[in-house]
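Structure at a glance
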Amino acid sequence: MPSESTATPSRPAWGLRKWLGAGIALLGVIVLGLQFAQFLQANERVAQAWQAGLVAAFATALGTVPVMFSQRLSDRVQDTLFGFGAGVMLAACSFSLVIPGLTTAKAAGAGPWEAGGTIGAAILLGALALLVMERLLPHEHFIKGVEGQSSRTLQRTWLFVFAIALHNLPEGLAIGVAYAGADPLQAGTLTAGIAIQDVPEGLVVAVALLAAGYRRAIAVGLGMASGLVEPLGAVLGAAVVSYSVHLLPWGLGFAAGAMLFVISHEIIPESHRKGHEAWATGGLMIGFVIMMLLDTALG
């Protein structure tokens, strides 16, 4: 009997603490949101990058919608879409990041060798940063399986989330760095290209999660949420580069290196593991040409 009398009053106290903690957390989120809105108002280019990142995130979410009504895509179609995304990203690296980076470095007074060395070093740094993140963050590939440290302690859902974040972060950085530059038209072209490849990417992510055994609602929800990394990456890239024009070539090269790492280390291997290399390569070629046309015609 004494034990029952001591246990009963503790429940309301525990409930009160939970509600108090939730209220404090909600208040913190509101304050951070207001500060973020003020930051965007004070930084026009960062605000533009945020909006462009949201466009890319919406494109990713749009791609997951068919999964609500269909069971799965064939492996051949998935690999073709993977290749298409890789092609778009390759062209974006070349025409929207590397070439503008070289031009910007030369406009700042660098010679041909110095400009090339700057962009080359930035590309290597971007790839190295993604390699370090890939080694430290536990994540799970759709085909290859689990990688990273301490992955056994995490649920498979979160491993997929980390993998998606690693995949989308370079795209967000590229958008942000582009909007921090002096050519909004070229930044818009890059955003359009990334958004185009984000539609099939969102579809492939949701289908892969569904095939891995997740419920349809979870697969679609995670697929939609995967795009939210892009506006955050866009804000980060634009905010860093906006502090100094001399950082722009480094930012463009860094974003290109991060994207090249994802293409070579993640997308192409994933698209070639099921015996549909020709379809994946065809998708890559088509994606590259479409993005090249967008960049050269609109930019």
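Parameters at a glance
- Residues numbered from 1 in each chain as written.
- Predicted model: local features only at pLDDT ≥ 70, side-chain atom pairs only at ≥ 80, totals over all residues.
- Heavy atoms only, no water.
- Helix = DSSP H or I, 4+ residues; strand = E, 2+ residues; numbered from the N terminus.
- Buried < 20%, exposed > 50% of the residue type's maximum accessible area, 1.4 Å probe, protein only.
- Contact = heavy atoms within 4.5 Å.
- Areas by Shrake-Rupley, 256 points an atom, 1.4 Å probe, with all protein chains shown as cover.
- 1 Å grid on protein atoms, 1.4 Å probe; cavity = no way out; pocket = protein on both sides within 12 Å on 5 of 7 lines; lining within 4 Å.
- Points joined across faces, edges and corners; volume = space filled by probe spheres on them.
- Nonpolar A, V, L, I, M, F, W, Y, C, P; charged D, E, K, R; others polar.
- Polar contact = N/O pair within 3.5 Å; in protein donor to acceptor, adjacent residues only side chain to side chain.
- Axes fitted to C-alpha atoms, helices over the stretch in contact; angles between N-to-C directions.
- Parallel < 35°, antiparallel > 145°, perpendicular 65-115°, else oblique.
- Left-handed = near helix turned anticlockwise from the far one by under 90°.

What follows covers the overall build of the chain. When helices and strands are tallied, the chain shows 11 helices and two strands. Put simply, the chain has 299 residues, and 44% of those count as buried. The long-range share in the chain, meaning contacts at least 24 apart out of those at least 6 apart in sequence, stands at 79%. Element-wise, carbon and sulfur atoms account for 71% of the exposed surface of the chain, whose accessible area totals about 15000 Å².

Turning our attention to the layout of surface pockets. Within this model, the second largest pocket holds a volume of roughly 190 Å³. For the second largest pocket, the full set of lining residues is T104, A105, A107, A108, G109, A110, E114, T118, V245, H246, P249 and W250. When contributions to the lining of the second largest pocket are tallied by element, the ones reaching two or more residues are α4 (75-107), α5 (112-136) and α10 (248-271). Per-element tally for the lining of the second largest pocket: the top contributor is α4, with three residues. Partitioned by chemical class, the residues of the lining of the second largest pocket number seven nonpolar, four polar and one charged.

This part takes up the side chain of Q197. Mapped onto the elements of the fold, Q197 is located in helix α7 (residues 184-211). Its relative accessible area of 1% is what places Q197 among the buried residues. Of note is the side chain of Q197, whose polar atom sits 2.7 Å from the side chain of E171. What Q197 contacts, discounting residues up to four positions off in sequence, is F84, G85, V88, M89 and E171.

The next subject is the packing of helix α3 (residues 44-64) against helix α9 (residues 229-242). Closest axis-to-axis distance for the α3/α9 pair is 7 Å, and the angle between their directions is 155°. One way to sum up the angle between α3 and α9 is to call them roughly antiparallel. The two elements α3 and α9 cross, and the hand of that crossing is right-handed. Across the interface between the two elements, R45, V46, A49, W50, G53, L54, A56, A57 and T60 of α3 pack against E230, P231, L232, A234, V235, A238, A239 and S242 of α9. In terms of residue class, the contact of α3 with α9 is made up of 12 nonpolar, three polar and two charged.

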